[in-house]
Amino acid sequence: ALFNRVESVKISGVEVKLSKLEEKFKETNLQLVELEEENSRLNSLYTTFDPDAPKEALEKVRQELKVLAGNMDDSSPILDVLRSGADPEDIFAAAEILRTNRDFSMFDPLIASIDRIASDPKLEGLRYQTVWSLASAAHRIILAAVKHSDDPKLTTAQLEAARSALTKLGSNPHVQLDRPDSPKQGIRGPVGYALNWIEIGLEKRLKAK
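Quick notes on the rules
Residues numbered from 1 in each chain as written. Predicted model: local features only at pLDDT ≥ 70, side-chain atom pairs only at ≥ 80, totals over all residues. Heavy atoms only, no water. Helix = DSSP H or I, 4+ residues; strand = E, 2+ residues; numbered from the N terminus. Buried < 20%, exposed > 50% of the residue type's maximum accessible area, 1.4 Å probe, protein only. Contact = heavy atoms within 4.5 Å. Areas by Shrake-Rupley, 256 points an atom, 1.4 Å probe, with all protein chains shown as cover. Expected span 1.5 Å × (residues − 1). Core = buried A, V, L, I, M, F, W, Y, C linked by side-chain atoms within 4.5 Å. Salt bridge = Lys/Arg side-chain N within 4 Å of Asp/Glu carboxyl O. pLDDT = per-residue confidence, 0-100.

Draft legend 1. A look at the overall build of the protein. Helix and strand counts for the protein stand at 10 helices and 2 strands. In sequence order, the secondary structure elements of the protein are arranged as α-β-β-α-α-α-α-α-α-α-α-α. Expressed as a percentage of its 209 residues, the buried residues of the protein come to 38%. Sequence separation of 24 or more characterises 73% of the internal contacts of the protein that already satisfy a separation of 6 or more. Here the protein displays about 12000 Å² of accessible surface, and carbon together with sulfur accounts for 52% of that area.

This is the structure:
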């Protein structure tokens, strides 16, 4: 109603056209709506499941996510999920999708997510299986970037950031409790494999200069 009655107003001696303010408000509201839609996109792509279910019960979900990843041409919904505060269900789904499609464009946010989670004594409350999937996704992307190329598709800075984050994850006291009888069967398995390929990648980057 205000916009319909008053054409302009002076703020600190400066005249402001209310029609311009109205356009700005509409633009901001549209951005908020788009963000809300973006946040819910990944969740709408798969069937709801219990991320705390036993590993065997999650196998069917993993297969469904593998099929989804193969048909996914836009990884942007994963970006918000890799940030702090996402539901464990979405984080597990994002990790499994990245394990399959090995999207290089998602590598930096994936490593930032791993670094953040590794900094938390309790891994932000995530179960070992989910963190294992995140570490495995990093390992698979690094492997794809390094193994068959003399000039790795990840930069030296990216490899060094990954080395720092994964070393932190492997040293996390809570991670140390995952499969102490057979560490390679737990989170430290993909962490160790990834770190080995990071060193190979860094050597290749030096030779490629």
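Draft legend 2. View of helix H6 (residues 107-118). For H6, built from 12 residues, the straight-helix expectation of 16 Å at 1.5 Å per residue is met to within 8% by its first-to-last C-alpha distance of 16 Å. Within H6 the residues assigned to the buried category are Phe107, Pro109, Leu110, Ile111, Ser113, Ile114, Ile117 and Ala118. Looking at the packing, one finds that the buried side of H6 touches helix H4 (76-82), helix H5 (88-101), helix H7 (128-146) and helix H8 (156-171).

Draft legend 3. Fine view of the nonpolar core. Membership of the largest hydrophobic core comes to 49 residues, with the highest contact counts inside it found for Leu110, Ile114, Ile142 and Leu169. Counting only elements with at least two residues in this core, the list comes to helix H3 (55-70), H4, H5, H6, H7, H8 and helix H10 (188-208). When residues in this core are grouped by element, the largest group, 9 residues, is from H7. Look past the residues within four positions of Ile142 in its chain and what remains in contact with it is Phe107, Leu154, Ala162, Leu166, Ala194, Trp197 and Ile198.

Draft legend 4. Here's a closer look at the pattern of salt bridges. For the structure shown, the criterion picks out 9 salt bridges. Glu96 is paired through a salt bridge with Arg99; the nearest N and O atoms lie 3.1 Å apart. Taken as a pair, Glu96 and Arg99 lie in helix H5 at a separation of 3 residues, close to a single helical turn. Like Arg99, Glu96 is buried. We note a salt bridge from Arg116 to Glu124, for which the minimum N-O separation is 2.8 Å. Look at Arg116 and you get partly exposed, because its relative accessible area is 23%. The exposure class of Glu124 is partly exposed, given its relative accessible area of 32%. Salt bridges here are not isolated pairs; linked through shared partners, they connect Glu59, Arg62, Glu96 and Arg99.

Draft legend 5. Structural view of the confidence of the model for the protein. For the protein, mean pLDDT is 84; residues scoring 70 or higher make up 78% of the total. Predicted confidence for residues 1-7 stays below pLDDT 50, and this span has 9 contacts to residues more than four positions away or in other chains. Here residues 9-14 scores under 50 on pLDDT; set against residues more than four positions off or in separate chains, the count is 6 contacts.

Draft legend 6. How the structure looks around unusual backbone geometry. Positive phi outside glycine occurs at Leu123, with the angle close to 55°. In this fold, Leu123 is placed in the loop between H6 and H7. Judged by its relative accessible area of 0%, Leu123 is buried. Although it is not a glycine, Glu124 sits at a positive phi angle of roughly 55°. One can find Glu124 in the loop between H6 and H7.

Draft legend 7. Main features of H7. Helix length check: H7, at 19 residues, gives a terminal C-alpha distance of 27 Å against a target of 27 Å (1.5 Å per residue), a fit within 8%. Within H7, 14 of the 19 residues are buried, which leaves it mostly tucked inside the rest of the structure.

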